[in-house]
Every structure is written in structure tokens, then in C-alpha cells.
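# Fold and contact review
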Amino acid sequence: MRKELKKYRVAYMYIAPFFILFAIFGLFPIVYGFYLSFFRWDGMTAMHFIGLENYINIFKDVLFWRALRNTLVIGIIAHIPILLGGLALAFILNSKMVKGQNIFKTIYFMPMVTSAVAISIVFQQMFGNNYGVINYFNVLLGGDKINWLGGDGSLIKWAVIVMFAWKWIGWNMVIYLAGMQGISNDIYEAAQIDGASQTQVMFRICIPLLKPIIIFTVIQSTIGMFNLFTEPFILTNQNWNGGTNNGGLTLMMYLLNKAPQGGTLYGYASAIAYIITMFIVLISVAVNKGTTDKSDPDYIAQQDMKRMRKERRRAERQKGAAKV
Amino acid sequence: MKNKVTRYMAAGMSVLMAAGMLNAGIAMAESTEAGTEAAAAEQLTGDPDIKADIVVGGWPSGDDAFKAALEGFNALYPGINVEFQFTDTTSYHQNLATSLAAGSGAPDVGMVEGAYVAQYRNSTALTDLNTLGAADYKDDFVSFKWDQCVSDDGSKMVLIPWDIGPATLFYRTDIFEQAGLPTDPDEVDKLLSTWDGVVSAAETIKDKTGAWFTPDASYYYQLLFQNRDYYDEDLNLKLERDGDIDCLNAIIKMREEQLDMNVDMWSTEAYAAYADGTIASVASGAWFGGFLKTDIDPEGAGHWAVCHLPGGVGVKNWGGSFLCIPSQSQNQEAAWDFVKYMLCTAEGQNAMFQAVDYFPAYIPAYDDPIYDEEDPYFGGEKTKALWVELAKQLTPVYTTQMDVTAEGQIFTSVNQGLQEGLDAEGIRDLLAKNIDDATKELKEQQIQTLKDAGVWNGD
């Protein structure tokens, strides 16, 4: 081990900067956050070790469950337009039906790189009760004024869903488009020669071949869903509890409300952060597992390799034991 | 050179500390009025020898305030060089909390928002200002604010009050006039002195002009708690107040008859409505006058006026901030000189008040003739005199770390109750439940803090 370190000294030195920075700014906070999650500490006065109390209190807090439910509702409903819209747009742009592909790519991608605060302020105006443009058309078409951001709080979610979907459709589209362009033209041509329709090309060729990319985007936007904070926060006029009836309270808002932005309950907030991380890991694993195709030759080969390696190791161990 | 400064400072510090303790002792031994006179009469003489670079941190428009008073400060302390590090309120407090916990990176003088006072006053990372001589100024400050600075165990004071926000009703005289209502502040006071009076005035205005009376009626209920005295010393929530049911009934009625605009008073929609004359009045702290003048309705001179809070709510404070000196500061003496000039002299406080409308918590500042001036923006009304009158009536309250979160529940809970058609008692119960839900962990932290301070009587 030591010898190897010495032998590859130069190589280790080249990769060191990343690991040093990661250790200071990544690893240390992660570990320290875990340590903090067992304490009650406001960053000002003495720290008190309280074991698992933070975790227990979080699971007992009705607001936590409300935040989780809101986050899931917003995330799941928003994923329908994100996935379908993204795929459809990418397919249309890829099929050479439209000119100026790059212009459309840029336009659809724009929401992703625009400041969330700026977008939220614009949407807040649009969803306004008395002067909002959406209610203006609503009244024009003979409807009633709808109090989107106030009322009983149930409609804030819809405003957030619209913003969330609007933002992520473009991102997904760009990734899908890149994926589609990575699919060999030969396959398309073969399909054309065989007389496949556009729908068949989409569902029989595009989507199956894009699967790894779709999984990637689902995991990305799931993380985006758990990180959702700015949009509901601004829409509710910076209300830390998500507006009326906690309608816009998301998990990330619940966390940041405790610390560091809305308060200084560092221990409690660390515990929430770890719970959210667990959710993200669980969902990512579930998405990966749930979408593995058991009849895929690659998958079968991989499983075989794993089994073989395991057996070899067991055999070696037995050999070692026999020697002793 | 640097060595010399350090040595000088060390000597200065110890002298100051000794003086501070001595002063505190004297102040305790002697009667209080003698202390007041001495401190009020005291004029800062300055110190041309002290040399230091200090960093002052906070959020806008605090920097504008300091810059306005900086010339006067540098005339007394030419050797102290002040650098400003200002950012928005949330990031600033986040940075301050982090750098205090980390032990480095904090400014020499930091602003602290009123909302955070119950946490910061117990911080072990801030210098006890009494050791620097703050105790001398106790009777010069509005006690409502001063008492909030003292740590829960009463042993130290790490914050010092800057400003207060005597709350008043801001109303549009043009709309009142159009509706045939009186516009003179005294008469408007009389008209709106009961909640019934408020509702009938709102009805008249809606009838005659079509304007809404207020952005969101639920803020009337918040006025009852505006001093942030939600809890007693055993941390029991005390929501029952004189006239609270009348107030809630008035809110229910106003919402039914669509007399309020039904938007948050801080929303962009409400801001637009203040300026274009579709909202007739709004209650807020004195600093709201500055908002109106510079931001919301700069062209509105002459059609705004100020009167007492409606519905017999009484005297309330809305907002106001504090200054602190982190223990990690290497320039505590210079930092204290800065704080002392800015907050504990009429000159400093009034220069800042005129720049940004932060209403001083320092009582001797009110002797200045500017407080008797007529304000042309408010139709020549003597608004500052009214705020001074209110400031002097503020009495100390018991504040906790849960107060701000509790306050945040009022708007949403009342609106939820109105939406669900609850009656006044129902809304109050709903609010109590929502506050309990939202403050759970904060309450645990507050109990911990009180236990650490040795003043917790509970289990």
C-alpha cells in the first residue's frame, strides 16, 4: 500500500486538489451535519446531545407530513407534463419537421437558466387575485375570479406545478434530443423501409432506446422536486409555512425554515436534511430497480458475471481455510 | 506601529472595562434619574488618537443610514476607518450566525433584526456591551426595546437598540374626502375608534368610491399582537386579548362584504393599489412612511395622512433593529465608539433618521426641533410628534424565539378560517393550533435556552 502510494505519487498529487477541496467543503459538512443531527443547538448557546429526539420529533410533526405530501403531489403531477411534453417536443424537433432547431432549443431551455426568483415574481403577478392576467382572462370568459395564491391554500400547488413543469420541460427536452441524436440513423432508416409510421418509430424505437436517459432525467427532476423551495416561497410572499393551510409548504421549505435561512435550529434542520437524502436515495434506487429489464441480454450477462465472481471468491476462501 | 496600537488598545480596553463596571455599580447604587441626567448631558468628546479599521455589517438601507452620519462620526474619531459590508437581510443573518458559530469572519459591528432578538441576546459569541459602558445609557432608551436586549438570565446585554416602529394607520385623505368622511387625523381617530366604526367607514368608502378599505383585514387581528408578546414566562400562548372577538367579527364582516382587497399587504398587487388609490388605508410601523415616500407612492405627497391605530388597539410597536459587537472583533473599543456615536447621541440617531426613517429608540433624540416639524408629504401633519408620543407609551413585554413564527401564522390562519366559514372563536382556536404546530421545535429550543440560563420554572 505504502509502496504504491510512493510509486504513483505524481498521479495522486494531480488528483489531490479535488479531494482536498471535497474533503473541506463536501465531506466535512456532510459528516458534521450527521453529527449535528443528534444535538439541539441554535448556533448561539451551548449544544445539547439529545440522541434521536430530532428524528422522532420530525416524524411526529404534522407539518413534516404535510410538506412531504405537498412535495409528492407537486412532483408527481408535474412529472406528467415534464416527461410527456419533453419527449414530444424532443421528437418533433428531431424529426426535421421544424426549421431553426437551435432557436427552439434555446427558448425551451431558457427557464432552466433564468433566476428562479425572477420567474416566481412574474408568475406571482400572473396569478394575482385582482390584477393577475390569468384572472383577467377568466373573468373575460365569464368565469369568477380565482384566488390562486390565497383562498383555502389548495390552489397554490397548481401555480407551483405550472412553474415547476414549465422549468423542467425544456431541460428534459434538450437531454432527450441529445439522446435521440445518439440513436443511429440506420435504425430509423430501416424502420422507414419496413414502412413504420411515426408513432411506431416513437414508441418502438425512440423510447426503448432512450430508457437510460429517461431514467436519468426522472432522477434529476426528482431531486429537483425535493429541492423545490424558491417558487412556492415567493408565490406565498415569502411565507415560511407555505401560505394558507400550508398549501405551498414543501420539504425543502420545511428544512430551510428551521435553519439556516428561516431560523437557527441547526440540529433539527440537519436531521431533516438526512431524511430528505434518504428519500432521494430510496427513490433513485427504486427507479433503477423498477425499470431494469430482466430479459435484457446485458442485464443477464451482468448478473452472470456477478454470480461467477461470488463463486470464485467463495472457492478461494475455502481454499485459504483448508490451508490453515 | 501595529504593536503600539495593540498595546494601546489593550490598555484602553481594560480601563474601559473597569470604568464600565464602576459605572454599572454606581448606577445600581444611585437613583436612576441622576444617571439619566448625567448620560443625557454627556456629549461625546471623541478621540483623535484611536486608530482602527472596522467593518460594519447589515442589510440595506442601514448602510445609507450610517453613511449619512459618518461625517459627524469621523469628525470626532478621524482615525477610525469604517468599511461597510451589506447584503440582503436573510443572507446577512445567515452569514452572521455562521461566522459567530465558526469564531471568525464576523464584522466588528453587526446589525440584528428585531425578529431575531430572542436568540441573539443569549449568544455567547457577542461581547457584553455592559463591559464597554452600555449600562450608562439604560434610561435613555425606550425600555420596551432595551429590555429585549438583556439576556434571559439577566447577566449581560449583547445587543443595543437602534430604532423602533410606533405603529399608526396610514390613510388616503383624497379617498376619505370623496366618500364624505372627515380627513383630519383627530376626527378620523374618533371615527375609527371602534371596530363597528371601522366597518361602517369601510362600507361608506366602498359605496361612494369603490375603493377597498384595507389590503387584508386579517392584519387588524395581528395588530393586537404587534408588540410580539405572544407568550407568558411559562411559555403559555396567550391569545385572548381585550376586544379580540370584536376585532375578528369585524374582519369576518369585512370579508363577507368584500370591503378588503383580500391580498397580502406586502404583495406587489397591494403596492400597486396603495399608489393608484384603490386601497384607502393600511396600518404599519412609522418606517412605512419612508416606504411610501421613496418606493410605493413617491408622487403621493398631500394625499396621505397618519392617525392612531383603529379599533382601540392602543399603542403598538412594529419592527426595529439592534446592533451588536462580536467577541471575535479585534477592534472592540473602536467598534463601541462607532455604536456609541450612531445610537447613543442625538446627532447620530437623527442624521440616520432623516436619511432612512429609522425612528430612534434613543429618547434624548426627540428633543431635536425636527420632531416638531410638519411633514409636507403627509399634508403638513406633525407625524413625528405623533410617533414620539406613541414611542413614549410603549411598555416592556416578554419576548421569545417563537414570536416571529407565531406572527407568521396569523395571516394564513385567519384567511383559512374565513375561507372555511368559522366564527370568531373558531378562528382563534385554529390560530392557536396552527401556532402550536409551527413552533414545536422552537419551543423546545426556547426551553433549553431558559434552562441554560437557569430561569425555567417548568418541568
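Since the structure is predicted, the reported quantities are computational estimates derived from the model, not experimental observations.

Once that is clear, we can look at the overall build of chain B. Assigned secondary structure in chain B consists of 19 helices and 10 strands. Radius of gyration (C-alpha) of chain B: 23 Å, near the 23 Å computed for a compact globule of 459 residues. Split into buried and exposed, the 459 residues of chain B put 59% on the buried side. Look at the contacts in chain B between residues 6 or more apart in sequence, and 77% of them connect residues 24 or more apart. For chain B, the accessible surface area stands at approximately 17700 Å², while carbon and sulfur atoms represent 49% of it. Across chain B, the centroid of the 29 positively charged side chains sits 3 Å from that of the 73 negatively charged ones.

Right, let's talk about the overall build of chain A for a bit. On a plain count of helices and strands, chain A comes out with 14 helices and two strands. Taken over the C-alpha trace, chain A has a radius of gyration of 25 Å; the compact-globule value for 324 residues is 20 Å, which it surpasses by more than 25%. For chain A, the C-alpha atoms occupy an extent of roughly 90 × 75 × 40 Å along the three principal directions. Here chain A holds 324 residues, and 43% of them are scored as buried. Restricting to contacts in chain A with at least 6 residues of sequence separation, those with at least 24 account for 64%. Total accessible area computed for chain A in this model is approximately 18700 Å², and 67% of it derives from carbon and sulfur atoms. Distance from the positive charge centre (30 side chains) to the negative charge centre (16 side chains) of chain A: 9 Å.

Before going further, it helps to spend a moment on helix α10 (residues 198-226) of chain A. Here α10 of chain A contains 29 residues, and its C-alpha end-to-end distance of 36 Å is more than 12% below the 42 Å for a straight helix at 1.5 Å per residue. Of all bends in α10 of chain A, the biggest is about 60°, found at Lys 211 of chain A, and the proline Pro 212 of chain A comes one to four residues later.

Next up on the list: the side chain of Arg 241 of chain B. Residue and element names in this part refer to chain B. Checked against the element boundaries, Arg 241 lands in the loop between α10 (218-223) and α11 (244-256). A residue is classified by how much of its surface remains accessible, and Arg 241, at 16% relative accessible area, is buried. For Arg 241, the side chain forms a polar contact with the main-chain oxygen of Leu 224, separated by 3.4 Å. Other than its neighbours up to four places away in sequence, Arg 241 contacts Leu 224, Phe 225, Asp 229 and Tyr 230.

With that settled, consider the sheet that holds strand β1 (residues 52-58) of chain B. All names here are of chain B. Taken together, five strands build an open sheet; the order of strands is β2-β1-β3-β9-β4 and the sheet is mixed. Pairing within the sheet leaves two strands with one partner each, and these edge strands are β2 (80-86) and β4 (159-161). Going from strand to strand, the sheet's axes swing by 25° on average, the running direction of each strand aside. Inspection of the sheet shows strand β3 (residues 109-113) paired to strand β9 (residues 321-324) by four bridges, in the antiparallel sense.

Right, let's get into the pairing of β1 of chain B. Residues and elements named next belong to chain B. Taken across its seven residues, β1 has six buried, putting it largely inside the fold. Inspection of the sheet shows β1 paired to β2 by seven bridges, in the parallel sense. Note that in β2 the partner of Asp 53 across the bridge is Asn 81. In this fold, β1 hands off to helix α3 (residues 62-76), which returns the chain to β2; that crossover is right-handed. As paired elements, β1 and β3 share two bridges and run parallel to each other.

With that settled, consider the pattern of salt bridges. Residues and elements named next belong to chain B. Counting across every chain of the model gives 17 salt bridges over all chains. Ionic pairing is found between Asp 152 and Arg 121, a salt bridge with its closest N-O pair at 3.2 Å. Pair noted here: Asp 152 is in the loop between α6 (143-149) and β4 and Arg 121 is in the loop between α5 (117-120) and α6, with a separation of 31 residues, a long-range link. In this pair, the class of Asp 152 matches that of Arg 121, namely buried. A salt bridge links Arg 228 to Glu 407; the shortest N-O distance between them is 3.0 Å. Of this pair, Arg 228 sits in the loop between α10 and α11 while Glu 407 sits in helix α17 (residues 403-420); the two residues are 179 residues apart in sequence, bridging distant segments of the chain.

With that settled, the discussion passes to the pairing of strand β7 (residues 281-285) of chain B. The side chains of a regular strand alternate between both faces of the sheet. Residues and elements named next belong to chain B. Most of β7 sits inside the fold, with five of its five residues counted as buried. With five bridges joining them, strand β6 (residues 167-172) and β7 adopt antiparallel strand pairing. Bridge assignment links Phe 170 to a residue of β7, and that residue is Val 282.

Tracing the sequence through the fold places Lys 258 of chain A in helix α12 (residues 251-258). No salt bridge is formed by the buried Lys 258 of chain A, whose closest oppositely charged neighbour, Asp 61 of chain A, lies at an N-O distance of 4.5 Å.

For the rest of this paragraph, the subject is the domain arrangement of chain B. Interfaces are often sized by the amount of accessible area the parts lose when they come together. Residues and elements named next belong to chain B. The domain boundaries assigned to chain B delineate domain 1 (2-164 + 319-367) and domain 2 (167-316 + 376-446). Between the C-alpha centres of domain 1 and domain 2 the distance comes to 32 Å. Of the residues lining the interface, 18 residues belong to domain 1; the matching set on domain 2 comes to 19 residues. Across the domain 1 to domain 2 interface the summed buried area is about 1700 Å²; carbon plus sulfur atoms make up 65%. Its largest share of buried area at the contact with domain 2, domain 1 owes to Phe 144, Asp 357 and Phe 359, together 34% of the area lost on that side. At the boundary of domain 1 with domain 2, the tally comes to zero salt bridges. At the level of elements, α5 and α6 are the ones that each hand at least two residues to the side of domain 1 that touches domain 2. Here the side of domain 1 that touches domain 2 takes four residues from α6, the largest share from any one element. Here the side of domain 1 that touches domain 2 is built from residues that sort into nine nonpolar, five polar and four charged.

Turning our attention to the confidence of the model for chain B. Mean pLDDT for chain B: 89, with 91% of residues reaching 70 or above. Interface scoring of the predicted complex returns ipTM 0.80; its pTM is 0.83.

Each partner contributes to the interface: chain A provides 38 residues, whereas chain B provides 43 residues. Roughly 3200 Å² is buried in total at the junction of chain A and chain B, and carbon and sulfur atoms are behind 48% of that figure. The partner of Glu 444 of chain B in a salt bridge is Arg 40 of chain A, and the shortest N-O contact between them spans 3.8 Å. Joining chain A to chain B, the criterion identifies 11 residue pairs in polar contact (both at pLDDT 80 or more). Put simply, the parts of the chain that give the side of chain A that touches chain B at least two residues each are α3 (53-60), α4 (62-94), α6 (116-126) and α13 (266-290) of chain A. It is α3 of chain A that contributes the most residues to the side of chain A that touches chain B, four residues altogether. Among the residues forming the side of chain A that touches chain B, the class breakdown is 10 nonpolar, 20 polar and eight charged.

So, on to the sheet that holds strand β8 (residues 304-307) of chain B. Residue and element names in this part refer to chain B. Here we have three strands laid out as an open sheet, ordered β7-β6-β8, and antiparallel in their pairing. What marks the edges here is a single partner per strand, and that holds for β7 and β8. Neighbour-to-neighbour, the strand axes of the sheet open up by a mean angle of 30°, direction not taken into account. Here helix α16 (residues 383-393) sits on the sheet and contacts β6 and β8; the angle it forms with β6, its principal contact strand, is near 150°.

Attention now goes to the nonpolar core. Judged by nonpolar contacts, the single largest core of 206 residues is most densely connected at Phe 66 and Phe 213 of chain B. If one sorts the elements of this core by residue count, helix α8 (residues 156-182) of chain A sits on top with 11 residues. Both domains that furnish three or more residues to this core are identified here as domain 1 (2-164 + 319-367) and domain 2 (167-316 + 376-446) of chain B. Each residue touching Phe 213 of chain B, except ones within four places of it in the same chain, is listed here: Phe 176, Leu 192, Val 198, Ala 201, Ala 202, Ile 205, Tyr 220, Met 254, Leu 259, Ile 279, Ala 280 and Ser 281 of chain B. Grouped together as the second largest cluster of nonpolar side chains are 21 residues, Ala 90, Phe 91, Met 173 and Ala 191 of chain A included.

What counts, and where the lines are drawn
- All residue numbers here refer to positions counted from 1 along the written sequence of the relevant chain.
- Starting at A for chains and at 1 for ligands, labels are handed out in the order in which the entities are written.
- It should be noted that, the model being predicted, local features are given only for residues of pLDDT at least 70 and side-chain atom pairs only at 80 or more, the latter also being counted only at that level, while totals for whole chains, interfaces and linings use all residues.
- The side-chain numbers reported here are obtained from all heavy atoms of the structure, hydrogens and water having been left aside.
- Only DSSP runs of H or I reaching four residues or more are called helices, and only runs of E reaching two or more are called strands; each is numbered from the N terminus.
- As a reference, a globule follows 2.2 Å times the number of residues to the power 0.38, and the radius of gyration itself is taken over C-alpha atoms.
- Each residue's exposure class comes from its accessible area (1.4 Å probe, protein chains only) as a fraction of the maximum for that residue type: buried when under 20%, exposed when over 50%, partly exposed otherwise.
- Residue contacts are counted whenever heavy atoms from the two residues lie within 4.5 Å of one another.
- Each accessible area is a Shrake-Rupley estimate made with a 1.4 Å probe; only the visible protein chains count as cover when residues are assessed.
- A positive count includes Lys and Arg, and a negative count includes Asp and Glu. His and the chain ends are not counted in either.
- Here the site of a charge means atom NZ of a Lys, CZ of an Arg, CG of an Asp or CD of a Glu.
- Any helix carries an expected span of 1.5 Å times its number of residues minus one.
- Note on bend: at a given residue it equals the angle between the axes fitted to the 7 residues ending there and to the 7 starting there.
- The term polar contact refers here to a pair of N or O atoms within 3.5 Å; inside protein, the definition further demands a hydrogen-donor-capable atom paired with an acceptor-capable atom, and it admits residues adjacent in sequence only when both atoms are side-chain atoms.
- Strands are labelled as partners when DSSP assigns at least two bridges between them.
- Orientation is described by lines fitted to C-alpha atoms, with helices fitted over the stretch in contact, and by angles between N-to-C directions that extend from 0 to 180 degrees.
- Here, the term right-handed applies to a crossover whose path from the first strand over the helix to the second runs clockwise when the strands point away from the viewer.
- The working definition used for a salt bridge is a side-chain nitrogen of Lys or Arg within 4 Å of a carboxyl oxygen of Asp or Glu.
- Boundaries between domains were set according to an automatic or database domain assignment.
- By buried area we mean the combined loss of accessible area, with a 1.4 Å probe, across both parts when two parts are placed together.
- The nonpolar class holds Ala, Val, Leu, Ile, Met, Phe, Trp, Tyr, Cys and Pro. Asp, Glu, Lys and Arg form the charged class, and all remaining residues, Gly among them, are polar.
- You can read pLDDT as the predictor saying how much it trusts each residue, on a scale of 0 to 100.
- To qualify as a nonpolar core, a set must consist of buried Ala, Val, Leu, Ile, Met, Phe, Trp, Tyr and Cys residues joined through side-chain atoms within 4.5 Å.

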